[in-house]
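# Structural features, examined
Spelled out from the first residue to the last, the chains are:
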Amino acid sequence: NSVTDKELEYIIAELFFDDMIDLIEEMPANIVKKILKSAKEDERKLINQFLKYPANSAGSIMTIEYVDLKKEMTAAEALEKIRRIAPNRETIYTCYVTDAERYLEGIVSLRDLVVAPPGQKIETVMRRKIISVTTQDDKAYVADLIKKYDLIAIPVTDTENRLVGIITVDDIVDVIEDE
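Below: a short report on this structure. Note that this is a predicted model, so its numbers are computed, not measured. What you see as residue numbers is a count from 1 along each chain, following the sequence as written. With the structure being a predicted model, the display of local features is reserved for residues of pLDDT at least 70 and the display and counting of side-chain atom pairs for 80 or more, all residues being used for whole-chain, interface and lining totals. The side-chain numbers reported here are obtained from all heavy atoms of the structure, hydrogens and water having been left aside.

### Some words on the overall build of the protein chain
In this text, helices come from DSSP runs of H or I with a minimum length of four residues, and strands from runs of E with a minimum of two, each type numbered from the N-terminal end. Counting its secondary structure elements, the protein chain contains nine helices and six strands. Radius of gyration here is computed from C-alpha atoms only, and the compact-globule reference equals 2.2 Å multiplied by the residue count raised to the power 0.38. The C-alpha atoms of the protein chain give a radius of gyration of 17 Å, which matches the 16 Å a tight globule of 179 residues would have. Principal-axis analysis of the C-alpha atoms gives the protein chain an extent of 50 × 45 × 30 Å. Contacts: residue pairs with any heavy atoms within 4.5 Å of one another. Within the protein chain, residue pairs in contact and separated by at least 24 positions form 58% of the contacts whose partners lie at least 6 positions apart. Accessible surface is estimated by sampling points in the Shrake-Rupley manner with a 1.4 Å probe; for residues, cover comes only from the protein chains shown. Roughly 10,300 Å² of accessible area belongs to the protein chain as shown, and the carbon and sulfur atoms make up 52% of that amount.

Next comes the structure, spelled out in structure tokens:
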């Protein structure tokens, strides 16, 4: 069955850091997401670093604080979820539509949700053409995309197109300035 957050915290707390990283690398993405969520910010940075995202990669600067929605939700349900989780999210202006396995299926703007009739399904509002990057993509490439398409945030996926994080424009601004 599924491991509770408390059990997970206990397991992680009992391990040496390098063993924890080894363990995390073998875990399914949804458990890794839970671990990163419950970790303190400095710990999360370390974990990400140790998960061997190269220093110049998208994975090394992404955040896991994004809004994920399901296409079966109505606009009203989506807005209710956003209201509930917004305080813990870096940005709520772009939301990411994922399936049960966290495959990225679409994106929807907060504006589109507010304008949509309350009963309308996300599936009919979301955009399926998505500009995204992978965890291994170079930061400069990410910066170029954000600049070129004037994005607030860009989704970061693993090699199987599962959403693992986002990079917000303020996370990449230094890279853009360095260019």
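### A look at the sheet that holds strand β4 (residues 133-134)
In this scheme, strands are said to pair when DSSP sees at least two bridges between them. Ordered by their spatial adjacency, three strands build an open sheet running β4-β5-β6, and the pairing between neighbours is mixed. Pairing within the sheet leaves two strands with one partner each, and these edge strands are β4 and β6 (163-168). Strand direction decides the pairing type here: β4 and strand β5 (residues 153-157), joined by two bridges, are parallel. Bridging from a neighbouring strand, V133 pairs with V156 of β5.

### Focus on the pairing of β5
In terms of burial, β5 is largely enclosed, as five of its five residues are buried. Every second residue of β5 is oriented toward a common face, with A153, P155 and T157 on one face and I154 and V156 on the other, all of them buried. Here β5 runs beside β6; their pairing, made up of five bridges, is antiparallel. Paired with I154 across the strands is I167, a residue of β6. Turn length for the β5-β6 hairpin, with the two strands adjacent in sequence and antiparallel, is five residues, and the turn residue N161 shows positive phi of about 65°. Burial classes: relative accessible area under 20% of the type maximum marks a residue as buried, over 50% as exposed, and values in between as partly exposed (1.4 Å probe, protein chains only).

### Comments concerning the nonpolar core
The set of buried Ala, Val, Leu, Ile, Met, Phe, Trp, Tyr and Cys residues whose side-chain atoms join them within 4.5 Å is what this entry labels a nonpolar core. Judged by nonpolar contacts, the single largest core of 28 residues is most densely connected at I35, I47, V142, I167 and I172. Setting aside its immediate chain neighbours within four residues, I167 contacts A58, I61, M62, V142, I146, I152, A153, I154, V156 and I172. Counting 17 residues, the second-largest nonpolar core is a separate cluster that includes A75, A78, L113 and A116.

### Focus: a nonpolar patch on the surface
The residues that make up patches have over 30% relative accessible area and no salt bridge, and they are joined within 9 Å when like-charged or within 5 Å when they are Val, Leu, Ile, Met, Phe, Trp or Tyr. A side-chain nitrogen of Lys or Arg and a carboxyl oxygen of Asp or Glu constitute a salt bridge if their distance falls within 4 Å. A contiguous nonpolar surface patch, about 340 Å² in accessible area, is contributed by Y10, I11, L15 and L23. Its location among the elements puts L23 in helix α2 (residues 17-26).

### What to know about the sheet that holds strand β2 (residues 94-98)
The strand order β1-β2-β3 describes an open sheet built from three strands, whose pairing is mixed. The two strands at the open ends of the sheet, each matched to only one other strand, are β1 (68-69) and β3 (104-109).

### Some words on the pairing of β3
The element β3 is extensively covered by neighbouring structure, given that six of its six residues are classed as buried. Linking β2 to β3, which pair antiparallel, is a turn of five residues; within it R102 sits at a positive phi near 70°.

### Concerning the pattern of salt bridges
Inspection of every chain in the model, using the stated rule, returns nine salt bridges. A salt bridge links R127 to D112, with the shortest nitrogen-to-oxygen separation between them at 3.7 Å. Of this pair, R127 sits in the loop between α7 (122-125) and β4 while D112 sits in helix α6 (residues 110-115); the two residues are 15 residues apart in sequence, bridging distant segments of the chain. Because the salt bridges share partners, they merge into one network encompassing K33, D68 and K81.

### Topic: the packing of aromatic side chains
The geometry of an aromatic ring pair is captured by the separation of the ring centres together with the interplanar angle, meaning the angle of the planes. Note on aromatic contacts: the rings of Phe and Tyr and the six-membered ring of Trp form a pair at centre separations within 6.5 Å, being stacked when their planes are under 30 degrees apart, edge-to-face when over 60 apart, and tilted otherwise. With the rule as written, the count across this model stands at one aromatic pair. Ring centres of Y66 and Y96 lie 6.2 Å apart, and the angle between their planes is 85°; on these two criteria the pair is classed as edge-to-face. Of the two residues, Y66 sits in the loop between α4 (41-50) and β1 while Y96 sits in strand β2, which places them 30 residues apart along the sequence.

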